[in-house]
Amino acid sequence: MVETAQQENSMGQLDIRPIAGALGAEIHGIDLSQELDDETIAEVRQALLDHLVIFFRGQDITPARHLDFARRFGEIVEYPLVKGLEGYPEIMTVVKLEHEKVNFGGLWHSDTTYLEQPPLGSILLARELPPFGGDTLFANMYLAYETLSDGMKALLGPLKGVSTSNLQRVSDTRSERMKDAAKVTPREVLTATHPVVRTHPETNRKALYVNGAHTCRFDGMTEEESAPLLAYLYAHQTRPEFTCRFRWEPGSIAFWDNRCTQHNPINDYHGHKRVMHRITIAGDTPE
């Protein structure tokens, strides 16, 4: 997959450098503060499909340019639970302050799978970083599915997973932001049911589509009945050989495909502030 992507890029404008065997590539030779032509946007989109998560470094862009770039890939959707940046409601501020011990979304997950149409992906920009720590891990859900046994694939094929917005393990990571920026009341719960194995609408590859933050059970089963198999899948899908790790710098950007990846921001910088701006791009109904 990597060799093909590099060969295809040899005729293009961008310098695309894979960072790990499973997924992830840095893109150099691009300035996102400038308006990009259609050919360049097409190259970026293909790089996203090839590598699942792509990274840019040294990007000095305004919130308006951040939005302009994101809109080239689809409709922008607001995060459903927490208010956005003042003046830019489509931009969510992902922040951990010096006195806080919990980081937002600090566990392996796919974004907002409790929505009927979860996002295509997100574009996350580093605004203020701790002096060390705060890396983000990403995992390849194509590999998570493809490395299962034929028997397990046959078992999972017809199953659907129920996702909910209020599982305690993820609610705890939002607690600080929900105190002052909540868009919903604590009683409001968002729920959606999706295939456990989804087919990517652009690549037609199958990906494992359950996650420990939001999937609570299999449709038609109780949480107790579902728990053993889900626990196995959560451990399997984040095996080290399925992952990459990104070390942030000021002006770094990560753009991930939420349809075939999971991510996990590491909470190892207590006593320091970390501020990120995230824009989410609308997706489709998983099939």
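Residues numbered from 1 in each chain as written. Predicted model: local features only at pLDDT ≥ 70, side-chain atom pairs only at ≥ 80, totals over all residues. Heavy atoms only, no water.

Let's shift gears to the sheet that holds strand S9 (residues 191–195). Spatially, the three strands line up as an open sheet ordered S9-S8-S12, and their pairing is antiparallel. Each edge of the open sheet carries a strand with a single partner, namely S9 and strand S12 (215–218). On average, adjacent strands in this sheet sit at an angle of 30° to one another, irrespective of strand direction. The pairing of strand S8 (residues 160–164) with S9 spans five bridges and is classified as antiparallel. In the strand pairing of S9, Lys160 is matched with Pro195. (Pairing = 2+ DSSP bridges. Helix = DSSP H or I, 4+ residues; strand = E, 2+ residues; numbered from the N terminus. Axes fitted to C-alpha atoms, helices over the stretch in contact; angles between N-to-C directions.)

The next point concerns the environment of Ala282. Here Ala282 is to be found in the segment after strand S16 (274–281). Separated by 211 residues in sequence, Ala282 and Arg71 place their C-alpha atoms 10.0 Å apart. When neighbours within four sequence positions are excluded, Ala282 is seen to be in contact with Glu75, Val77, Pro119 and Leu120. (Contact = heavy atoms within 4.5 Å.)

The next subject is the pairing of strand S7 (residues 136–140). Where burial is concerned, most of S7 is hidden: five out of the five residues are buried. On S7, burial covers both faces: Thr136, Phe138 and Asn140 on one face and Leu137 and Ala139 on the other are all buried. Relative to strand S13 (residues 243–246), S7 runs antiparallel, the two sharing four bridges. Each bridged residue has a counterpart across the sheet, and for Phe138 the counterpart in S13 is Cys244. For S7 and strand S15 (residues 261–265), the ladder comprises five bridges, and the chain directions are antiparallel. Across the sheet, Ala139 pairs through a bridge with Gln262, a residue of S15. (Buried < 20%, exposed > 50% of the residue type's maximum accessible area, 1.4 Å probe, protein only.)

Put simply, the protein chain has an average pLDDT of 91, and 90% of its residues get 70 or more. This model gives residues 1–11 a pLDDT under 50, and the stretch forms 14 contacts once residues within four places in sequence are excluded. (pLDDT = per-residue confidence, 0-100.)

Attention now goes to the side chain of His263. Note on placement: His263 falls in strand S15. A residue is classified by how much of its surface remains accessible, and His263, at 6% relative accessible area, is buried. Within the local environment of His263, its side chain forms a polar contact with the side chain of Asp111, the two groups lying 3.3 Å apart. Not counting the four nearest positions on each side in its chain, His263 is found in contact with Leu107, Trp108, His109, Asp111, Thr136, Leu137, Phe138, Trp256 and Asn258. (Polar contact = N/O pair within 3.5 Å; in protein donor to acceptor, adjacent residues only side chain to side chain.)

With that out of the way, let us pick up the packing of aromatic side chains. In total, this model carries eight aromatic pairs according to the counting rule given. Measuring from ring centre to ring centre gives 5.0 Å for Phe246 and Trp248, while their planes differ by 80°; the resulting arrangement is edge-to-face. Given a relative accessible area of 1%, Phe246 falls into the buried group. On the basis of relative accessible area, Trp248 is assigned to the buried category, the value being 8%. The rings of Phe55, Phe138, Phe246, Trp248 and Trp256 are connected pair by pair, giving a single aromatic cluster. Positioned over the ring face of Tyr269 is Lys96, at 4.4 Å from the centre of the ring. Between Arg198 and the ring centre of Tyr209, over which it is positioned, the NZ or CZ distance is 4.8 Å. (Phe/Tyr/Trp six-rings, centres within 6.5 Å; stacked < 30°, edge-to-face > 60°. Lys NZ or Arg CZ within 6 Å of the ring centre and 35° of its normal.)

On to the nonpolar core, then. Counting residues in each nonpolar core, the largest one holds 45 residues, and the members touching the most others are Phe138, Leu156, Val196, Leu208 and Leu233. Once residues lying within four places of it in the same chain are set aside, the contact partners of Leu156 are Leu148, Val196, Val197, Leu208, Leu229 and Leu233. Of all hydrophobic cores here, the second largest spans 27 residues; its members include Ile27, Ile41, Ile54 and Ile281. (Core = buried A, V, L, I, M, F, W, Y, C linked by side-chain atoms within 4.5 Å.)

The final tally for this structure, using the stated rule, is 19 salt bridges. Residue Asp257 pairs with Arg259 through a salt bridge whose shortest N-O separation is 2.8 Å. In this structure Asp257 comes out as buried when scored by relative accessible area, which is 0%. Shared partners join several salt bridges into a network, and the residues in it are Glu35, Asp38, Arg65, Asp68, Arg71, Arg72 and Glu90. (Salt bridge = Lys/Arg side-chain N within 4 Å of Asp/Glu carboxyl O.)

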